[in-house]
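# Architecture and fold: a report
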Amino acid sequence: MSSIEDVKRKNEGWITALPGVVGVGIAKKAGTRVIQVLVKEITREVREKVPAMLEGHPTDLVKVGEIRRL
Amino acid sequence: MDLSHAKLRCEASFLGIAVDGMKATHNPNVQGVGIGYKVVHRIPTKERALQVYVNRKVHPRLLAPEDRIPEEVEGCPTDIVETGTFSIGRKFPPIYQRRLRPALAGVSIGHHEVSAGTFGALVRERGETYILSNNHVLANENEGKVGDPILQPGRFDGGRPDRDTIAQLADFVKLETEATNTVDAAVATPIVRDDVAPEVLHIGRVKGDAEPEIDMVVRKSGRTTRLTEGRISATDVTLRVMYSDGFVVFTDQFLVSGGRGGFSGPGDSGSLIVTPDNKAVGLLFAGSPFTTVANRWSNVAKALKVKPVP
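Here the structure is a predicted model, which means the values were calculated and not measured. (Residues numbered from 1 in each chain as written. Chains lettered and ligands numbered in written order. Predicted model: local features only at pLDDT ≥ 70, side-chain atom pairs only at ≥ 80, totals over all residues. Heavy atoms only, no water.)

### Regarding the overall build of chain A
A tally of regular secondary structure across chain A gives two helices and five strands. By the compact-globule yardstick of 11 Å for 70 residues, chain A fits well, its C-alpha radius of gyration being 12 Å. Its C-alpha atoms give chain A principal-axis dimensions of roughly 35 × 25 × 25 Å. Within chain A, the fraction of its 70 residues that count as buried is 44%. (Helix = DSSP H or I, 4+ residues; strand = E, 2+ residues; numbered from the N terminus. Rg over C-alpha atoms; globule rule 2.2 N^0.38 Å. Buried < 20%, exposed > 50% of the residue type's maximum accessible area, 1.4 Å probe, protein only.)

The structure is reproduced here in structure tokens:
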């Protein structure tokens, strides 16, 4: 199984191109490392387009809104 | 029952304003007196009462007998109203938004055409000392020229070039719109070395650096939300960030989530993010009401070849 960093890097191009997706990172959920997909809003469309698992690593949708320089 | 006369009595015994030979005494908790409808359980009644305005309502038993407000004055009921202290409308800004010499990291700063951001840290490169913050704070999103005046406090906080210029723009990492970025960073040379100090306000001296890790507890001191604590929620983040001319893509960033009230707000850009033992881990530059985004410290150090002044 490829490392979560490699899987994230390989897939971030198409994921960040999805409408409503702001970014992709690596986070922890219940002790497990997950590929975190940062979205403006959690919509049915992103839920359907981002698979629950990517090459053996779980994904997680998180609402972050629009990120601006502060 | 004469409310007006009873009020004169209150003015004499609580505020020290005596007429008609009344004895003048002063109650330190009382800010003023007036006449209004008595409020019981937050509902105004039809009964008129002497209102006594106090800084803070305290149970009578916690007060010295001479400081208690009687339930009646000359047969008129009293009503204690908590008002705080009254002041004229102008509020004195916090130290973070004022002119400070020597300026400590954490306070308001900015390019003369930028609203305001945060003086992140004092850094060193080949024996020279610089003020570090973001490109969008010190270099106006690539628009600034080397030598441009840097104001402390920033323009939004009343900084003026003739009076408050603390440094000159020295160098910045260009923000690319056609490629990915790892840092939003710039440095400025202090005009007078003694006008800046290496301490971060309410944090202290920076002691080396560390790599960000998920769940790491971190702090920052910044112009808008001042001293806050948070936790790193994600690393290896690739994301797009909205600037004045559109989106800019960053890689290798990390996210911080704050406690109640969040970790950052507009104007905190440029704040240094440190561990509880004051190791530099990142440079704050972006966020939303839900999260905060920071450059990894090692990328900032590499891009500008700087080290924090210990």
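### A few points about the interface of chain B and chain A
When the parts come together, some accessible area is lost, and that loss is often what is quoted as the size of the interface. Opposite the 31 residues of chain B that make contact, chain A presents 21 residues. Both sides of the chain B and chain A interface together cover about 2100 Å² of buried area, and 57% of this is carbon and sulfur. Three residues stand out in chain B for area buried against chain A, namely T238, R240 and M242 of chain B, and they jointly supply 27% of the buried area on that side. Our count for the chain B to chain A interface comes out at two salt bridges. Where chain B packs against chain A, one counts 15 residue pairs in polar contact (both at pLDDT 80 or more). Elements that contribute at least two residues to the side of chain B that touches chain A include exactly β15 (226–243), β16 (246–258) and β18 (280–287) of chain B. For the side of chain B that touches chain A, the residue count by class is 15 nonpolar, twelve polar and four charged. Taken together, the two bridges between strand β5 (residues 68–69) of chain A and β18 of chain B define a ladder with antiparallel strand orientation. (Contact = heavy atoms within 4.5 Å. Buried area = accessible area lost by both parts, 1.4 Å probe. Salt bridge = Lys/Arg side-chain N within 4 Å of Asp/Glu carboxyl O. Polar contact = N/O pair within 3.5 Å; in protein donor to acceptor, adjacent residues only side chain to side chain. Nonpolar A, V, L, I, M, F, W, Y, C, P; charged D, E, K, R; others polar. Pairing = 2+ DSSP bridges.)

### With respect to the side chain of D184 of chain B
Note that D184 of chain B resides in the loop between β11 (165–172) and β12 (186–190). As a buried residue without a salt bridge, D184 of chain B has its nearest oppositely charged side chain in R69 of chain A, at a separation of 7.0 Å. Within polar-contact distance, the side chain of D184 of chain B engages the backbone nitrogen of N135 of chain B at 2.6 Å. Apart from residues no more than four positions distant in its own chain, D184 of chain B is found in contact with S133, N134, N135, H136, L175, Y243, F250, L283, F285 and N295 of chain B. (Lys, Arg positive; Asp, Glu negative; His and termini not counted.)

### What about the pairing of strand β1 (residues 21–29) of chain A?
Residues and elements named next belong to chain A. In terms of residue burial, β1 counts as a mostly covered element, since seven of its nine residues are buried. As judged from the eight bridges shared by β1 and strand β2 (residues 32–39), these two strands associate in the antiparallel manner. Its bridge partner being in β2, I26 is matched across the sheet by I35. In this antiparallel pair of consecutive strands, β1 and β2, the connection spans two residues, and A30 shows a positive phi of 50°.

### Digging into helix α1 (residues 4–16) of chain A
All names here are of chain A. Between its first and last C-alpha atoms α1 spans 17 Å; for 13 residues at 1.5 Å apiece the expected length is 18 Å, and the two agree. The sharpest bend along α1 reaches about 40° and sits at K10. Residues I4, V7, K8, N11, E12 and I15 constitute the buried set of α1. (Expected span 1.5 Å × (residues − 1). Bend = angle between axes of the 7 residues up to and from the residue.)

### Considerations on the confidence of the model for chain B
Scored by pLDDT, chain B comes out at a mean of 94, with 99% of its residues at no less than 70. Listed scores for the predicted complex are pTM 0.78 and ipTM 0.96. (pLDDT = per-residue confidence, 0-100.)

### Digging into the nonpolar core
Residue and element names in this part refer to chain B. Counting 42 residues, the largest nonpolar core has I109, F119, V123, I131, L132, L138 and W297 as the members making the most contacts within it. A total of four residues in this core trace back to one element, the largest contributor, which is helix α4 (residues 297–304). Among residues more than four places away in sequence, those in contact with V123 are E128, T129, Y130, L132, V187, W297, V306, K307, P308 and V309. Core analysis: the second largest hydrophobic core is formed by 18 residues, L175, V237, V241 and Y243 among them. (Core = buried A, V, L, I, M, F, W, Y, C linked by side-chain atoms within 4.5 Å.)

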